[in-house]
Amino acid sequence: MTLRPLPEAAVARFRGDVERLVAQARGAAVSGEPRLALAVSGGADSMAMLRLAAAGLAGRITVATFDHRLRAGSGGEAALVGSVCAALAIPHQTLTPFAPITGNSVQMRARTARYAALGTWARGEGAGFLLTAHHADDQAETLLMRLQRASGLSGLAGIRAVRFDADGVVLRPLLDWRRAELRALASESATPFVDDPSNDDPRHDRTRIRALLAATPALDPVALAASAGFLAEAEEVLVQSAERLWAERWRGPDSGLPVAGEPRDLRRRLVRRALAETRMRLGIGRPSFDADSANVEALLDALAAGRAATHGGVMVRSTSRGWVFCAAPPRRSL
């Protein structure tokens, strides 16, 4: 396999983007060069990231490809990534799901399985960060999809450049790069790649949004991605404000949470957290409850009007001490 070198300017740009995100994730400019794990699917975007990392971060990277085993040919794509890594003398491993991916919402299940496996692998490799190849066009598509769904600020913040979760720290150093320039880098450097046929499947919302962007030159993906970045900054301010209020005012479900005078977005965040905390303390398992996305608007309206209301198996009352949380009474049988 004969691979051509990448432009030095592109390599330096990528290295700077990675170093900036590493410093941001650490909270300060800490000395030392951490080991980095790359998630490479075999598509043009991730193969370009592989080549950029190999040139700019030599000796620090390890690579994995997650084979979802959802379609024929996926194993061959993983083998392609492995062959390029072998030519670059970079360690590569093919990962597979811990259990078959089946049922409804296959894309969501596939994403969950992918990040779980990649996070476990990265930790085993001693890598402090997992890098994915999400770029500006992905960010623009995500923003438009979530606008369609009337998402709140957290959703409109889109794909985070730095994400902390149970699977580890994920970095997205290509969010300022365009899909076309990454594809050009791969092609011009003679780096082989594959096109995932699911990217052209009109049944997926993202495919339809991608077609809309392509047909509407007035919608600039770079500008949309930048807006998502500004929204992410605003989201971080609100997250920090909610954390401060929680630390200052939460003393337990029955002690009263005095936040009725705060802006609605902060009340929304705090009531979700209080519901989750109350359910955990009281052992309430049903009905199901998602503390990140639960629709608590009716509950907030009721509390603002001075009425008690239930949500997620929890009753909330507005008192002089603040909001008080307790187990909801059982429903009357007919």
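Definitions and cut-offs
- Residues numbered from 1 in each chain as written.
- Predicted model: local features only at pLDDT ≥ 70, side-chain atom pairs only at ≥ 80, totals over all residues.
- Heavy atoms only, no water.
- 1 Å grid on protein atoms, 1.4 Å probe; cavity = no way out; pocket = protein on both sides within 12 Å on 5 of 7 lines; lining within 4 Å.
- Points joined across faces, edges and corners; volume = space filled by probe spheres on them.
- Nonpolar A, V, L, I, M, F, W, Y, C, P; charged D, E, K, R; others polar.
- Core = buried A, V, L, I, M, F, W, Y, C linked by side-chain atoms within 4.5 Å.
- Buried < 20%, exposed > 50% of the residue type's maximum accessible area, 1.4 Å probe, protein only.
- Helix = DSSP H or I, 4+ residues; strand = E, 2+ residues; numbered from the N terminus.
- Contact = heavy atoms within 4.5 Å.
- Axes fitted to C-alpha atoms, helices over the stretch in contact; angles between N-to-C directions.
- Parallel < 35°, antiparallel > 145°, perpendicular 65-115°, else oblique.
- Pairing = 2+ DSSP bridges.
- Right-handed = clockwise from strand over helix to strand, strands pointing away.
- Phe/Tyr/Trp six-rings, centres within 6.5 Å; stacked < 30°, edge-to-face > 60°.
- Lys NZ or Arg CZ within 6 Å of the ring centre and 35° of its normal.

1. Focus on the layout of surface pockets
Alright, step 1. In this model, the second largest pocket occupies a volume close to 210 Å³.
Alright, step 2. Taken together, R286, P287, T310, H311, G312, G313, A328, P329 and R331 form the lining of the second largest pocket.
Alright, step 3. Counted by class, the lining of the second largest pocket contains 3 nonpolar, 4 polar and 2 charged residues.

2. Examining the nonpolar core
Alright, step 1. Among the nonpolar cores identified, the biggest contains 36 residues, and F14, L36, L38, L52, L131 and L171 are the most heavily contacted of them.
Alright, step 2. Elements supplying a minimum of two residues to this core: helix 1 (8–26), strand 1 (36–39), helix 2 (44–56), strand 2 (61–66), helix 3 (74–87), strand 4 (129–131), strand 6 (168–171) and helix 7 (179–188).
Alright, step 3. Dropping the residues within four chain positions of it, L171 is found in contact with L21, V22, A25, F129, L130, L131, T132, A161 and V162.
Alright, step 4. Listed in part, the 24 residues of the second largest apolar core include L257, I284, F289 and F325.

3. Here's the deal with the packing of helix 10 (residues 264–282) against helix 11 (residues 297–304)
How two helices sit against one another is set out by the angle between their axes and by the gap between those axes.
Alright, step 1. Where helix 10 meets helix 11, the axes come as close as 10 Å, and the angle between the chain directions of the two elements is 105 degrees. Taken as axis vectors, helix 10 and helix 11 run roughly perpendicular relative to one another. Mapping the contact onto sequence places R264, R267, R268, V271 and L275 in helix 10 and E297, L299, L300 and D301 in helix 11.

4. Quick look at the pairing of strand 1
Alright, step 1. Of the two faces of strand 1, the one carrying L36 and L38 and the one carrying A37 and A39 are both buried.
Alright, step 2. Two elements, strand 1 and strand 2, share 4 bridges in a ladder whose sense is parallel. Its bridge partner being in strand 2, A37 is matched across the sheet by T62.
Alright, step 3. Between the parallel pair strand 1 and strand 2, the chain is carried across by helix 2, and the sense of this crossover is right-handed.
Alright, step 4. Sheet topology places strand 1 next to strand 4; 3 bridges connect them, and they run parallel. Bridge assignment links L38 to a residue of strand 4, and that residue is L131.

5. As for the sheet that holds strand 7 (residues 309–311)
Alright, step 1. Across the sheet, which stays open at both edges, the 3 strands sit in the order 7-8-9 with antiparallel pairing between neighbours. The open sheet is flanked by strand 7 and strand 9 (322–327), the only strands paired with a single partner. Neighbour to neighbour, the strand axes of the sheet diverge by 30 degrees on average, direction disregarded.
Alright, step 2. When strand 8 (residues 314–319) meets strand 9, the two strands line up antiparallel, connected through 6 bridges. Counterpart to M315 in the pairing with strand 9 is C326.
Alright, step 3. Where helix 10 meets the sheet, its contacts fall on strand 7, strand 8 and strand 9, and the angle it forms with strand 9 comes to roughly 35 degrees.
Alright, step 4. In the packing of helix 11 onto the sheet, contacts are made with strand 7, strand 8 and strand 9, and the angle to strand 8 comes to roughly 30 degrees.

6. Thoughts on the packing of aromatic side chains
Alright, step 1. Within this structure, the stated rule accounts for 2 aromatic pairs.
Alright, step 2. With centroids separated by 4.6 Å and ring planes inclined at 10 degrees, the aromatic side chains of W246 and W250 adopt a geometry described as stacked. Neither residue differs from the other here; W246 and W250 are each classed as buried.
Alright, step 3. On the basis of an interplanar angle of 65 degrees and a centroid distance of 5.9 Å, the ring pair of W250 and F325 is categorised as edge-to-face. Of the two residues, W250 sits in the loop between helix 9 (221–249) and helix 10 while F325 sits in strand 9, which places them 75 residues apart along the sequence. Each member of the pair, W250 as well as F325, is classed as buried.
Alright, step 4. Joined through ring pairs, the aromatic side chains of W246, W250 and F325 make up one cluster.
Alright, step 5. Taking NZ or CZ as reference, R13 lies 3.7 Å from the ring centre of W177, over its face.
Alright, step 6. The positively charged end of R163 is found above the aromatic ring belonging to Y115, 4.5 Å away from the centroid.

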